[in-house]
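# Observations on the three-dimensional arrangement
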Amino acid sequence: MPNVRRRLLLLAGLLAAPSLPLIAPPAAAEDTVKIGVIEPLSGGAASAGQAIKAALELGTEIVNTPYPDMQGLPLAAGTGFPGLGGRKLELDYADNQGSPAVGQNQALRLITQDHVVALFGAYQSGITLTTSAVAERYGIPFLAPESVATNLTERGFKWFFRTTPIGPDIARAYIGFVLDQRKQGRKIDSVAIVNDTTEYGTSIAEVIKKQADAEGVKVTQNVTYNVNATDVSSQVLQLKQASPDLVIFISYTSDAILYARTMKNLDYRPPIVIGDDSGFSDPSFIESVGDLVQGAINRSAFAPGRPGTLSYKMNALYHQRFGRDLDETSARSLQGFFVLVDAINRAGSTDPGKIQAALRATDMKPAQLFTGYNGVKFDDKGQNTESAMLLTQLQGKDYVAVWPQAEATGSLQLPYAGWK
Amino acid sequence: MSRRFTALVVVAVLLAAPLLLGNAFLQRVAALVMLAAISASAWNLIGGYAGQVSIGHAVFFGAGAYSALLVYKLTDWPPIAGAPVGVAVSLLLACVIGLPTFRLRGHYFSMATIAVAELIRIVVSNWQFVGAAVGLMGPAVPRSLADLSFLSPLPYFYLFAAVLAVLLFLTWQMQRSRMGFYLGAIRAGERAALSLGVPVLRYKLLALLLSAGFTALAGSLYAVMVGFVDAESALGILISVQMVIIAALGGAGTLFGPLLGAAILIPLQETTNALFGGGGTGLTYIVYGAIILLIARFRPGGLLELLHWRRRRVA
Amino acid sequence: MILLQVVVGGLLLGAVYALFSSGLTLIWGMMNVVNFAHGDFVMLAMYVAFLGYTVLGLGPAWFIPLAAAVMFLFGLLVYFALIRHVSRGPMLAQILSTFGLALLLRYSAFWVFSANFVTLPDTLVGGNFAIGGLRLQASRLVAGATALLLTIGLDLLLTRTALGSRLLAVAEDRAAAQLVGIRPDRMQALAWGIGAASTGIAGGLIALFFYISPTVGESLALIAFVTVCLGGFGSVPGALLAGLAIGVIESLSAYLIGPVYQDVVVYALFVLVLWVRPQGLLGRA
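Quick caveat, the model's predicted, so the values are computed rather than measured. (Residues numbered from 1 in each chain as written. Chains lettered and ligands numbered in written order. Predicted model: local features only at pLDDT ≥ 70, side-chain atom pairs only at ≥ 80, totals over all residues. Heavy atoms only, no water.)

When helices and strands are tallied, chain B shows 14 helices and two strands. Taking the principal axes of its C-alpha atoms as reference, chain B extends roughly 55 × 45 × 40 Å. Partitioning the contacts of chain B with sequence separation of at least 6, the portion at a separation of at least 24 is 77%. As presented, chain B carries roughly 12,000 Å² of accessible surface, and 70% of it is formed by carbon and sulfur atoms. Between the mean site of the 20 positive side-chain charges and the mean site of the 8 negative ones, chain B shows a separation of 19 Å. (Helix = DSSP H or I, 4+ residues; strand = E, 2+ residues; numbered from the N terminus. Contact = heavy atoms within 4.5 Å. Areas by Shrake-Rupley, 256 points an atom, 1.4 Å probe, with all protein chains shown as cover. Lys, Arg positive; Asp, Glu negative; His and termini not counted. Charge placed at Lys NZ, Arg CZ, Asp CG, Glu CD.)

Written out as structure tokens, the structure is:
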């Protein structure tokens with residue numbers, strides 16, 4: 001029956017066509033060391049993912065070509081991995097498409113088809129959760145430079161490592177700042193928190209409230225809203241009505257832009273404004289509405305610092321390449337990247353077990369770091385116990401380090417200026 | 001006779017293929033195809049056979065997914081134990097949703113299902129008990145076989161394929177029964193069917209109940225495999241749309257249409273992402289969107305009609 | 001006083017929703033085509049406006065008509081290339097094809113413009129000012145006024161002009177319209193073009209006070225669908241009424257109950273209204 005045969009062929013064709021490209025050829029002898037990078041390269045978080053990718057490409061270049069000027073930075077001086085005979089680094093990027101399931105698929109693909117020696121990512125905490133679970137099952141080291149959810153290091157995983165400060169650290173920084181300001185005589189009796197109801201927004205808000213409670217700072221108002229709002233007038237009116245001494249915004253870029261504009265439209269200038277990372281650190285936020293939120297305080301693990309320091313040089317390099325300062329999120333990612341490549345180098349091998357051991361043994365000092373961490377040392381949960389951050393303030397087009405005093409490169413300007 | 005034989009051979013080959021290929025990633029894709037086929041085939045019952053295009057089926061999927069991990073969180077039992085709970089919850093939801101919305105016609109019905117699904121998603125994403133925005137996690141490390149947490153995707157593939165087989169068998173039986181006849185009448189013209197004495201509301205509800213139950217089961221299986229659920233990944237509108245797209249692409253109202261749709265769309269998604277995703281240019285979705293668009297433009301009835309497998313399609 | 005601000009803000013917001021939905025009423029209501037890509041049409045219009053400002057140096061008085069014109073042509077293109085072939089097919093084919101179109105448009109914009117957010121300066125159509133104790137934004141007032149004008153214009157077009165009656169005839173009974181000498185294809189293409197042009201105007205105006213990014217259509221599209229459905233398919237005044245109602249309800253519930261629940265209230269009321277009035281507020285029974 002020729003008809004049946006033709007139909008079968010058609011069916012086979014329909015099924016095979018999308019699947020064939022997925023069958024990877026057997027791995028040829030690799031002379032590069034491959035690390036899998038899973039980030040949101042499409043969807044709502046794409047601007048962050050793209051920025052991270054750009055920063056990592058710079059990082060790869062620093063590793064693979066000599067940058068003698070960057071003294072102290074691991075693997076900058078020579079080409080490739082000295083501990084692996086000069087083999088070069090290759091980053092294998094994958095898009096997590098904002099989905100925990102897709103992140104898992106990509107992790108599986110990177111591990112089993114592309115034979116990466118380690119995984120890196122994945123920005124959104126929920127995706128980092130599922131993606132690192134795959135790495136754990138396959139015995140591949142996973143380094144999370146970014147995701148702040150506390151539960152990531154509470155799973156008893158052996159292959160998971162995180163370099164960034166997490167929620168409680170962030171809360172300590174903010175509340176510490178508040179207590180400091182009080183000591184200097186500034187009145188901060190009421191604190192309002194405005195957060196979206198995403199994982200990021202709620203978890204940061206929770207830890208801030210907890211820390212505030214512990215230190216006797218009263219959170220008098222908590223305005224929550226759904227992410228990607230079409231309008232935030234009601235939220236701002238609620239704040240204007242209550243008139244708190246300090247407002248902390250925890251938002252992604254789109255909502256942060258709306259807040260900046262709406263506050264101007266409704267003529268609302270709180271005495272002190274803290275705009276937590278994410279949205280407020282996004283370069284396109286500063287580009288669009290930076291002049292409306294002058295004086296907003298942010299947290300940052302990175303600040304360019306004084307000339308001659310590694311952070312200053314890294315920032316200059318980045319600025320030269322991309323025309324703007326290194327943003328906070330990309331900085332933390334890039335730092336995590338250098339921790340990982342340093343560990344691979346110390347392992348002297350691409351064997352995952354050896355890399356894991358090298359990561360466990362990590363003990364980096366500030367001279368090797370360009371972020372403001374006090375060091376990099378992982379506890380038995382995989383969390384970097386030496387992470388730290390400082391508070392910066394938007395002055396002009398850049399965030400300037402203003403707290404703690406010891407790290408400040410500019411002076412704190414209060415009250416909040418907002419727009420002209 | 002020989003037609004049936006070739007069909008069996010095809011099925012056997014397709015079932016054995018993942019085992020023979022031995023590639024973990026492809027096996028996972030195959031498992032995901034089966035899972036998507038389950039949801040889409042379940043949706044097909046109400047959306048294809050009964051002609052009531054629901055774009056809010058994520059509520060049932062989410063009910064299954066959340067129930068599984070919630071039961072785990074509260075009792076420490078293997079997540080799959082929550083699947084019956086998920087099915088029960090979604091059956092209840094189906095009644096609550098179906099009764100008021102079934103009086104709506106066409107686009108109004110679809111919009112109402114979207115609104116209900118979104119409403120529930122927002123409520124869940126703010127409800128502490130079910131994890132709010134943080135979501136729910138499955139067992140971090142598998143404790144026993146019952147946790148169904150396999151390293152290899154193969155067991156998932158066969159498990160999902162088995163569930164799909166049951167669903168398709170039930171659908172086939174339904175299609176040949178009086179219910180199938182009534183649903184066909186409802187789909188062709190509700191008013192006419194009503195005037196002819198077809199118990200429209202009862203059969204729509206029956207179709208919805210069956211559909212909801214299996215969608216919930218798919219949700220539980222998803223939660224077991226991925227190990228994590230939050231409002232966006234289990235109740236988001238994209239979940240609902242994906243079910244509709246897959247069923248429509250393959251051929252809604254046909255028995256194997258959703259399976260075919262899944263078998264094409266899921267690998268397509270994976271391939272485009274694997275080839276273009278890393279570049280971050282958005283090419284993945286440009287290609288994917290263009291292909292869907294072209295298929296819909298040239299074969300609005302779905303791809304199954306290309307194969308003319310069953311002459312007797314639901315009109 | 002604050003409550004008044006909330007209500008006025010809600011009305012202005014609602015007018016924006018109505019504006020955003022105006023093209024959709026025509027397309028969905030009249031042609032019975034579900035356009036999943038509607039939000040992305042508006043997104044494209046916003047980018048056209050943005051390019052008009054940054055590349056061509058045009059002011060709003062120019063880039064808004066430009067956006068309308070470009071989108072009109074684009075609408076015609078989409079009609080002839082795609083819609084014509086699926087509009088008489090099953091609803092599922094429309095959903096499938098316009099969903100594919102939406103992805104295609106969204107990520108083409110992504111490719112060209114990248115994921116970054118851009119904005120137009122918020123002082124292009126005057127800044128904000130206070131009347132009594134109320135704070136208002138000039139750009140939103142203009143958007144609101146335009147929404148009203150557009151609604152009236154479209155309604156007049158449909159009910160008072162010969163062209164309008166031809167469009168309605170095709171929507172009501174294509175075969176009969178053909179019998180009396182109306183060219184259905186041409187009418188439907190025109191309807192699409194006009195609908196798309198409306199999204200052009202909407203996008204150009206909204207770009208004055210909202211941010212622009214490839215995914216901006218996603219957040220707003222759902223509200224557009226609810227607005228059109230609530231107003232009743234095919235009723236242009238219905239969409240305006242529904243939009244205003246949704247805006248006010250949203251703002252009030254956000255202020256009085258909490259912003260998190262504003263959408264819940266809107267969706268719940270939406271389903272309730274449909275339960276009581278299955279054809280929407282002003283839809284044909």
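It is worth spelling out the overall build of chain C at this point. Across its full length, chain C holds eleven helices and two strands. In chain C, the succession of helices and strands from N to C terminus is α-α-α-α-β-β-α-α-α-α-α-α-α. Relative to the 2.2 N^0.38 estimate, which gives 19 Å for 285 residues, the radius of gyration of chain C is 19 Å and therefore close to what a compact globule would have. Based on the C-alpha atoms only, the size of chain C along its principal axes is roughly 60 × 50 × 35 Å. Per-residue burial for chain C yields a buried fraction of 61% across its 285 residues. Pairs at least 24 apart in sequence give 77% of the contacts found in chain C among residues at least 6 apart. Accessible surface computed for chain C: about 10,200 Å², of which carbon and sulfur atoms make up 70%. Across chain C, the centroid of the 12 positively charged side chains sits 9 Å from that of the 9 negatively charged ones. (Rg over C-alpha atoms; globule rule 2.2 N^0.38 Å. Buried < 20%, exposed > 50% of the residue type's maximum accessible area, 1.4 Å probe, protein only.)

Here we come to the interface of chain A and chain C. Opposite the 34 residues of chain A that make contact, chain C presents 34 residues. Summed over both sides, the interface of chain A with chain C buries roughly 2,800 Å², with 55% coming from carbon and sulfur. Of all residues in chain A, Thr230(A), Arg261(A) and Asn265(A) give up the largest surface area on contact with chain C, accounting jointly for 24% of the area buried on that side. In this structure, the connection of chain A to chain C is made through three salt bridges. Here Lys264(A) and Asp122(C) are joined by a salt bridge, their closest N and O atoms 3.6 Å apart. Our count for the contact surface shared by chain A and chain C stands at twelve residue pairs in polar contact (both at pLDDT 80 or more). (Buried area = accessible area lost by both parts, 1.4 Å probe. Salt bridge = Lys/Arg side-chain N within 4 Å of Asp/Glu carboxyl O. Polar contact = N/O pair within 3.5 Å; in protein donor to acceptor, adjacent residues only side chain to side chain.)

This brings us to the interface of chain A and chain B. Contacts between the two partners involve 44 residues from chain A, matched on the other side by 49 residues from chain B. Of the roughly 4,200 Å² buried between chain A and chain B, counting both surfaces, carbon and sulfur atoms make up 64%. Of all residues in chain A, Arg7(A), Leu22(A) and Arg137(A) give up the largest surface area on contact with chain B, accounting jointly for 16% of the area buried on that side. In this assembly, chain A and chain B are joined by zero salt bridges. At the surface where chain A touches chain B, the tally comes to 13 residue pairs in polar contact (both at pLDDT 80 or more). Only α1 (2-19), α2 (46-64), β2 (88-95), α3 (100-112), α4 (125-138) and α6 (199-215) of chain A provide two or more residues apiece to the side of chain A that touches chain B. Along the lines of polarity and charge, the residues of the side of chain A that touches chain B split into 21 nonpolar, 16 polar and seven charged. (Nonpolar A, V, L, I, M, F, W, Y, C, P; charged D, E, K, R; others polar.)

Space inside the second largest pocket adds up to approximately 1,500 Å³. Along the walls of the second largest pocket sit 50 residues, with Arg105(B), Gly106(B), His107(B), Asn32(C) and Met91(C) positioned nearest its centre. Looking at the lining of the second largest pocket residue by residue, the class counts come to 23 nonpolar, 17 polar and ten charged. (1 Å grid on protein atoms, 1.4 Å probe; cavity = no way out; pocket = protein on both sides within 12 Å on 5 of 7 lines; lining within 4 Å. Points joined across faces, edges and corners; volume = space filled by probe spheres on them.)

Attention now goes to the pairing of strand β11 (residues 390-395) of chain A. Residues and elements named next belong to chain A. Burial runs high along β11: five of the six residues are buried. As judged from the four bridges shared by strand β10 (residues 297-300) and β11, these two strands associate in the antiparallel manner. Residue pairing for β11: serine 300 is matched across the bridge by leucine 390. The turn joining β11 and strand β12 (residues 398-403), which pair antiparallel and follow one another in sequence, is formed by two residues; a positive phi near 80° is taken by glycine 396. (Pairing = 2+ DSSP bridges.)

Our next topic: α4(A). Residue and element names in this part refer to chain A. When the terminal C-alpha atoms of α4 are compared, their 20 Å separation across 14 residues agrees well with the 20 Å that a helix rising 1.5 Å per residue should span. Counting buried positions over the 14 residues of α4 gives eleven, a clear majority of the element. Residues of α4 that are buried include every one of Ser125, Gly126, Ile127, Thr128, Leu129, Thr130, Thr131, Ser132, Val134, Ala135 and Glu136, and no others. Taken from the residues just after α4, glycine 139 is the one with a positive phi, measuring 70°. (Expected span 1.5 Å × (residues − 1).)

All names here are of chain A. The five strands are arranged β2-β1-β3-β4-β5 in an open sheet whose pairing can be described as parallel. Every other strand in the sheet has two partners, leaving β2 and β5 (160-162) as the edge strands with one partner each. Between one strand and the next, the sheet's axes are offset by a mean angle of 25°, whatever the strand orientation. Pairing between strand β3 (residues 118-121) and strand β4 (residues 142-144): two bridges, direction parallel. Residue pairing across strands places leucine 119 opposite phenylalanine 142, the latter belonging to β4. Helix-sheet contacts for α3 involve β1 (32-39), β2 and β3, and the interaxial angle to β2 is about 150°. Contacts from helix α12 (residues 328-347) reach β1, β2, β3 and β4, with the element oriented near 170° to β3. (Axes fitted to C-alpha atoms, helices over the stretch in contact; angles between N-to-C directions.)

Residues and elements named next belong to chain C. Here strand β2 (residues 134-137) shows no split at all, with Leu134 and Leu136 on one side and Arg135 and Gln137 on the other all buried. Here strand β1 (residues 128-131) pairs with β2 via four bridges, running antiparallel. Within the sheet, the bridge partner assigned to alanine 130 lies in β2 and is arginine 135. Following β1, the chain reverses through two residues before pairing antiparallel with β2; glycine 132 in that reversal takes a positive phi of roughly 65°.

Once that is clear, we can look at the packing of aromatic side chains. Summed over the entire model, instances satisfying the criterion amount to 34 aromatic pairs over all chains. Their ring planes at 25° and their centres at 4.4 Å tell us that Tyr285(B) and Tyr107(C) sit as a pair that is stacked. Here the residue Tyr285(B) occupies a position in helix α13 (residues 283-298), and Tyr107(C) occupies one in helix α4 (residues 91-113), the pair thus bridging two chains. Consider the rings of Tyr107(C) and Phe110(C), whose centres lie 5.2 Å apart with planes at 45°: the pair is tilted. Pair noted here: Tyr107(C) and Phe110(C) are both in helix α4, with a separation of three residues, about one helical turn. There is no split in this pair, since Tyr107(C) and Phe110(C) are both buried. Taken together, Tyr108(B), Trp28(C), Phe36(C), Phe99(C), Phe225(C) and Phe233(C) form an aromatic cluster joined through their ring pairs. Over the ring of Trp419(A) we find Arg269(A), and its NZ or CZ is 3.9 Å from the ring centre. (Phe/Tyr/Trp six-rings, centres within 6.5 Å; stacked < 30°, edge-to-face > 60°. Lys NZ or Arg CZ within 6 Å of the ring centre and 35° of its normal.)

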